[in-house]
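Here are the chains, one letter per residue:
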Amino acid sequence: MDLNYLALISVLVTLLLVMIQRAETARRRLVGGFVIICLLIIRHNAFIKGDLHEETLLAFVLSLILSSLFWLLVGRYNPPGNSDEIRVIGMDD
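Here we summarise the structure given alongside this text. Not measured: the values here are computed from a predicted model.

Here is what the cut-offs are and how they apply
- Residues numbered from 1 in each chain as written.
- Predicted model: local features only at pLDDT ≥ 70, side-chain atom pairs only at ≥ 80, totals over all residues.
- Heavy atoms only, no water.
- Helix = DSSP H or I, 4+ residues; strand = E, 2+ residues; numbered from the N terminus.
- Buried < 20%, exposed > 50% of the residue type's maximum accessible area, 1.4 Å probe, protein only.
- Contact = heavy atoms within 4.5 Å.
- Expected span 1.5 Å × (residues − 1).
- Patch = residues over 30% accessible without salt bridge, like charges linked within 9 Å, V, L, I, M, F, W, Y side chains within 5 Å.
- Areas by Shrake-Rupley, 256 points an atom, 1.4 Å probe, with all protein chains shown as cover.
- Salt bridge = Lys/Arg side-chain N within 4 Å of Asp/Glu carboxyl O.
- Axes fitted to C-alpha atoms, helices over the stretch in contact; angles between N-to-C directions.
- Parallel < 35°, antiparallel > 145°, perpendicular 65-115°, else oblique.
- Left-handed = near helix turned anticlockwise from the far one by under 90°.
- Nonpolar A, V, L, I, M, F, W, Y, C, P; charged D, E, K, R; others polar.
- Core = buried A, V, L, I, M, F, W, Y, C linked by side-chain atoms within 4.5 Å.

## So, the environment of Ser83
Here is step 1 of the chain: In this fold, Ser83 is placed in the segment after helix 3 (53-75).
Here is step 2 of the chain: The spacing of Ser83 and Leu15 is 68 residues in sequence and 22 Å in space, taken between C-alpha atoms.

Below, the structure written as structure tokens:
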């Protein structure tokens, strides 16, 4: 079992899943499409390397757990903002 590959893929997939969680509601489909493309590239890489299927699956499960913990600890209490709520304060304000 390649632990370096497992750690790298689990961190990458966790970041991708957190990107979906923290995306603005209006842009969530666009971000989801980007994440699906990235996950397909990771899957394709595992198929090319040959015997990394188990590590990739384990990394995906581990990243689901980490992403769920992030949502449980941070995401529920701090929902992503909306671009309509952003207010820029300038020199005249």
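## With respect to helix 3
Here is step 1 of the chain: Residues of helix 3 that are buried: Glu55, Thr56, Ala59, Ser63, Ser67 and Gly75.
Here is step 2 of the chain: On its buried side, helix 3 packs onto helix 1 (3-22) and helix 2 (28-49).

## Some details on helix 2
Here is step 1 of the chain: Between its first and last C-alpha, helix 2 extends 31 Å over 22 residues, near the 32 Å set by a 1.5 Å rise per residue.
Here is step 2 of the chain: Elements in contact with the buried residues of helix 2: helix 1 and helix 3.
Here is step 3 of the chain: Positioned one or two residues after helix 2, Gly50 has a phi angle of 100 degrees, which is positive.

## Some remarks on a nonpolar patch on the surface
Here is step 1 of the chain: Where nonpolar side chains cluster on the molecular surface, the patch consists of Leu57, Val61, Leu62, Ile65, Leu66, Leu69, Trp71, Leu72, Leu73 and Val74 and spans about 890 Å² of accessible area.
Here is step 2 of the chain: Structurally, Ile65 can be placed in helix 3.
Here is step 3 of the chain: Relative accessible area serves as the criterion here: at 47%, Ile65 is assigned to the partly exposed category.

## Describing the packing of helix 1 against helix 3
Here is step 1 of the chain: As a packed pair, helix 1 and helix 3 sit with axes 8 Å apart at the nearest point and diverge in direction by 40 degrees. Judged on the interaxial angle alone, helix 3 and helix 1 are oblique. Here helix 1 runs over helix 3; the crossing is right-handed.
Here is step 2 of the chain: Looking at the contact of helix 1 with helix 3 residue by residue, the classes come out as 14 nonpolar, seven polar and two charged.

## Structural notes on the nonpolar core
When a protein is soluble and globular, its nonpolar side chains tend to lie buried together.
Here is step 1 of the chain: Counting 14 residues, the largest nonpolar core has Tyr5, Ile9, Val13, Leu16 and Ile42 as the members making the most contacts within it.
Here is step 2 of the chain: Of all the secondary structure elements, the ones that give two or more residues to this core are helix 1 and helix 2.
Here is step 3 of the chain: In terms of residues, this core owes the most to one element, helix 1, which gives six residues.
Here is step 4 of the chain: Those residues in contact with Ile9 that lie beyond four places of it in its chain are Ile42 and Ala59.

## Comments concerning the packing of helix 1 against helix 2
Here is step 1 of the chain: Two elements in contact, helix 1 and helix 2, have axes whose closest approach is 9 Å; the angle formed by their N-to-C orientations is 165 degrees. Here helix 1 is positioned roughly antiparallel relative to helix 2, judged by the angle of their axes. As helix 1 runs across helix 2, the sense of the crossing is left-handed. On helix 2, the residues touching Tyr5, Ile9, Val13, Leu16, Met19, Ile20 and Gln21 of helix 1 are Arg28, Val31, Gly32, Phe34, Val35, Cys38, Leu39, Ile42, Asn45 and Ala46.
Here is step 2 of the chain: For the contact of helix 1 with helix 2, the residue count by class is 13 nonpolar, three polar and one charged.

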